[in-house]
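These are the residues of each chain, in order.
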Amino acid sequence: MKNLRKDCYNPFFSHIYVEKAVSDHPRTTRILRQFPRADVILIDHYKDVFCRRGQDFIAQQRAQNLILGAKHGNLLYKGAPVCQSFGNENFYYTSCIMNCVYDCEYCYLKGMYPSGNMVVFVNLEDIWDEVRARLNEHAMYLCISYDTDMMAAEQITGYTAEWIAFARTVSAGAPGKPPHPLKIEIRTKSADPRFWQRHNPVPGIIYALTLSPQAVIDAFEHKTPSLRQRLASAKEALRRGFSLRLCFDPMLYCKDWELQYGEMLRQVFEEIDMEKIEDVSVGTFRMSSDYLKKMRKCQPGSAVVQFPYQNDNGVYHYSGELTEKMEVFLSNRLKEKIPEEKLFLW
């Protein structure tokens, strides 16, 4: 049991694995410069480390290492039916970072990936070329922060800033822009108000901020900012004119959930001008059965993972009665502050 103590783990990013093919890439050099004491290990392919057998996701996340590589093959994916498109057609997502610096117990990445280490793909230009090619055919709604919290890793990668710069090149009025518009969603729990001060709003970029009651954050959203910090960041984003979506998703059941979510909304309405919000997402916990089975093996003591969910067609969720009760409770309160067309339910 002594080996489980925090002081027995290596420090964050103590080891960085780098694909030989990208060892001289400018982004590789920039990221490595931030970790001068890290052991840098050259590898042939990121999967040689990330996908090897017998890994312990939870232990690795406590002493997370970094893998730098290049992404090849399919760079854009059609949005899954269990993901919210917010009424947009041609819904895609891309993955330029895999895994997260945060440690939310309910995160589906724990069931999807074999490793708790983080992968950063340095060949962003290849993804952008594919986006431009699609924009020559049709408009796109593109989510770029599904498999990570990109803004939480901004000090390490700077990728949010790079995507902002790319969005400017394809926005209306840009020289040689594609014929169809691009809309980007960046979902986050990050709460650094300096981000909004360093950047300017770009048409077509929506920042989607996940909000949870403080009790839920304390119990399940480890390493993430507090509700108060997230609201302060949201307030600054709105003040500076950024397009902001609020995501109350996933809602998690607890003994006094009505009290907890009611108090959360009280704080939201007190701090946030809801008339300036782009829209709002509401949905209770849901998870692929394959992912949840893996998560239950590696988190036997997690209340949110071990809850007796109902399984319908390969998706675990709360009972229909509880789902409706929770979502109606939150939706009715939100409708007091926003028009119904701005509310998106699962």
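For the structure itself, look to the data block above.
Remember, it's a predicted structure, so these values are computed and weren't measured experimentally. (Residues numbered from 1 in each chain as written. Predicted model: local features only at pLDDT ≥ 70, side-chain atom pairs only at ≥ 80, totals over all residues. Heavy atoms only, no water.)

Student: Where do I start with empty space enclosed by the protein in this structure?
Tutor: Unoccupied space between atoms shows up once a probe the size of one water molecule is rolled over them. Using the criterion set out here, one finds one cavity of 30 Å³ or more in the structure. When its volume is computed, the largest cavity comes out at roughly 40 Å³. Surrounding the largest cavity, Thr188, Ser190, Trp196, Tyr207, Ala208, Leu209, Ser233, Ala234 and Leu244 form its lining. Going through the elements one at a time, strand S11 (205-210) and helix H10 (227-239) are the ones with two or more residues in the lining of the largest cavity. No other element matches the three residues that S11 contributes to the lining of the largest cavity. Grouping the amino acids of the lining of the largest cavity by side-chain chemistry returns six nonpolar, three polar and no charged. (1 Å grid on protein atoms, 1.4 Å probe; cavity = no way out; pocket = protein on both sides within 12 Å on 5 of 7 lines; lining within 4 Å. Points joined across faces, edges and corners; volume = space filled by probe spheres on them. Helix = DSSP H or I, 4+ residues; strand = E, 2+ residues; numbered from the N terminus. Nonpolar A, V, L, I, M, F, W, Y, C, P; charged D, E, K, R; others polar.)

Student: Would you take a moment to explain the packing of aromatic side chains for this structure?
Tutor: What characterises a pair of aromatic rings is the spacing of the ring centres plus the angle enclosed by the ring planes. A full pass over the atoms with the stated rule returns 26 aromatic pairs. A centroid spacing of 5.4 Å and a plane angle of 70° characterise the contact between Phe13 and Phe35, whose relative ring orientation is edge-to-face. Of this pair, Phe13 sits in the segment before strand S1 (15-19) while Phe35 sits in the loop between helix H1 (26-33) and strand S2 (39-43), placing them 22 residues apart in sequence. The exposure classification of Phe13 matches that of Phe35, with both residues buried. We note Arg296 situated over the ring of Tyr316; from NZ or CZ to the ring centre the distance is 5.1 Å. Here the guanidinium or amino end of Lys337 rests over the ring plane of Phe269, the centre of that ring lying 5.4 Å away. (Phe/Tyr/Trp six-rings, centres within 6.5 Å; stacked < 30°, edge-to-face > 60°. Buried < 20%, exposed > 50% of the residue type's maximum accessible area, 1.4 Å probe, protein only. Lys NZ or Arg CZ within 6 Å of the ring centre and 35° of its normal.)

That is the geometry; function is a separate question.
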